[in-house]
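# Coordinate inspection notes
These are the residues of each chain, in order.
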Amino acid sequence: MPPQMPRTTLGRDGPAVSRIGLGLAALGRPGYLVIGHDRDLGEDRSVEVLEDRTHRVLDEAAAAGITYVDAARSYGLAEAFLASWPGLGSGTTVGSKWGYTYTAGWRVDAEQHEVKDHSAATFRRQRAETAALLGDHLDLYQVHSATLDSGILDDAEVLEALRAEPVAVGLTVSGPDQAAVVRRALALPDTPFRCVQATWNLLEPSVGPALAEAHAAGWGVIVKEAVANGRLTDRGDARLDGPAPTDALAIAAALAQPFVDVVLSGAATVAHLGSNLTALAVDPDDVPPVAPEDPAAYWARRSVLPWT
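Report on the accompanying structure. (Residues numbered from 1 in each chain as written. Predicted model: local features only at pLDDT ≥ 70, side-chain atom pairs only at ≥ 80, totals over all residues. Heavy atoms only, no water.)

This part takes up the nonpolar core. Leu24, Leu82, Leu171, Phe193 and Val196 are the most contacted members of the largest nonpolar core, which totals 88 residues. When residues in this core are grouped by element, the largest group, 8 residues, is from helix H8 (residues 246-255). In this structure Val196 touches Leu171, Val173, Val182, Leu211, Ala214, Trp219, Gly220, Val221 and Ile222, once residues within four positions along its chain are discounted. Core analysis: the second largest hydrophobic core is formed by 8 residues, Cys195, Ile222, Val262 and Leu264 among them. (Core = buried A, V, L, I, M, F, W, Y, C linked by side-chain atoms within 4.5 Å. Buried < 20%, exposed > 50% of the residue type's maximum accessible area, 1.4 Å probe, protein only. Helix = DSSP H or I, 4+ residues; strand = E, 2+ residues; numbered from the N terminus. Contact = heavy atoms within 4.5 Å.)

Listed below in structure tokens is the structure:
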């Protein structure tokens, strides 16, 4: 069994949360761009089967002391599965995201799985959808994959709507310009943001200094994709060799960063969640050194991962 789950605060004034959180991206829909996802889910990916799977993983997470759960409007039925979970209560801190619409129609072979739109109209529609499902359980609402070219950080209407939010507001970032987006959000006059969720892993650590600046400003910092969509695991091309499971080594490396509050597990099975949790027992000194990739090359490679 892993050590007792450590806790922290999500930012200077945020809620108390577990150091490891559970992301529902690989559970709320039948297809996802992570290596081996098809083997994890098997043939039957009906709504009923995936809802039951999600509840079982959530049960295991809660039993292990995980209190932070991450969803999004574009994660298929992730919000609905979370809302129907009997364990959802006051002990769970819930974050969700808006800005992408799920369009795959519950098909893995869909030509398009999600559509990005950071307009005020999309915010109003998706905020209402999230409220209808999660109600008072929602604690953090994030812009999904904010980028400089999406225009959201210059959209006065959207920013005013975010400032009026009754829950904490954050943003998630992706791509080779993550650091620039974080710094732009930090510099906004009367910035509405109090939390950032970014991709940081041993292959792509370039956003680290910007996350350190956000942490110093009192923001919560959440890390996603610590295992690089499976590339740093036994299934990938950059697997880690050390005295612990490969996924645990990758997650331990993220947990060891002084600016990180929460690292998300993207587990799609109870077994994978258990393996992820062994990161708590890993000595960071046992994580093998990894040569970081050029950010543009890393993200180009990620962009061609298949949905399985």
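Here we come to the layout of surface pockets. Over the atoms rolls a probe the size of a water molecule, and its path tells where empty space is left. Empty space within the largest pocket amounts to approximately 1000 Å³. Lining the largest pocket are 49 residues, and of these Tyr32, Leu33, Val34, Glu225 and Asn229 sit closest to its centre. Its residues placed into classes, the lining of the largest pocket shows 18 nonpolar, 19 polar and 12 charged. Put simply, the second largest pocket is a space of about 240 Å³. Residue lining of the second largest pocket: 15 residues in total, with Leu10, Asp13, Gly14, Ala168 and Arg194 positioned closest to the centre. Of the residues belonging to the lining of the second largest pocket, the class tally is 7 nonpolar, 4 polar and 4 charged. (1 Å grid on protein atoms, 1.4 Å probe; cavity = no way out; pocket = protein on both sides within 12 Å on 5 of 7 lines; lining within 4 Å. Points joined across faces, edges and corners; volume = space filled by probe spheres on them. Nonpolar A, V, L, I, M, F, W, Y, C, P; charged D, E, K, R; others polar.)

Right, let's get into the packing of aromatic side chains. With the rule as written, the count across this model stands at 7 aromatic pairs. Taken together, the aromatic side chains of Phe81, Tyr102 and Trp106 make up a single cluster linked through ring pairs. Over the face of the ring belonging to Tyr141 we find Arg127, whose NZ or CZ atom lies 5.0 Å from the ring centre. (Phe/Tyr/Trp six-rings, centres within 6.5 Å; stacked < 30°, edge-to-face > 60°. Lys NZ or Arg CZ within 6 Å of the ring centre and 35° of its normal.)

Turning next to the pattern of salt bridges. Counted by the stated rule, this structure contains 20 salt bridges. One salt bridge connects Arg239 with Asp241, and the closest N-O pair in it is separated by 3.6 Å. Taken together, the shared-partner salt bridges in this structure form one network comprising Arg73, Glu79, Arg125 and Glu129. (Salt bridge = Lys/Arg side-chain N within 4 Å of Asp/Glu carboxyl O.)

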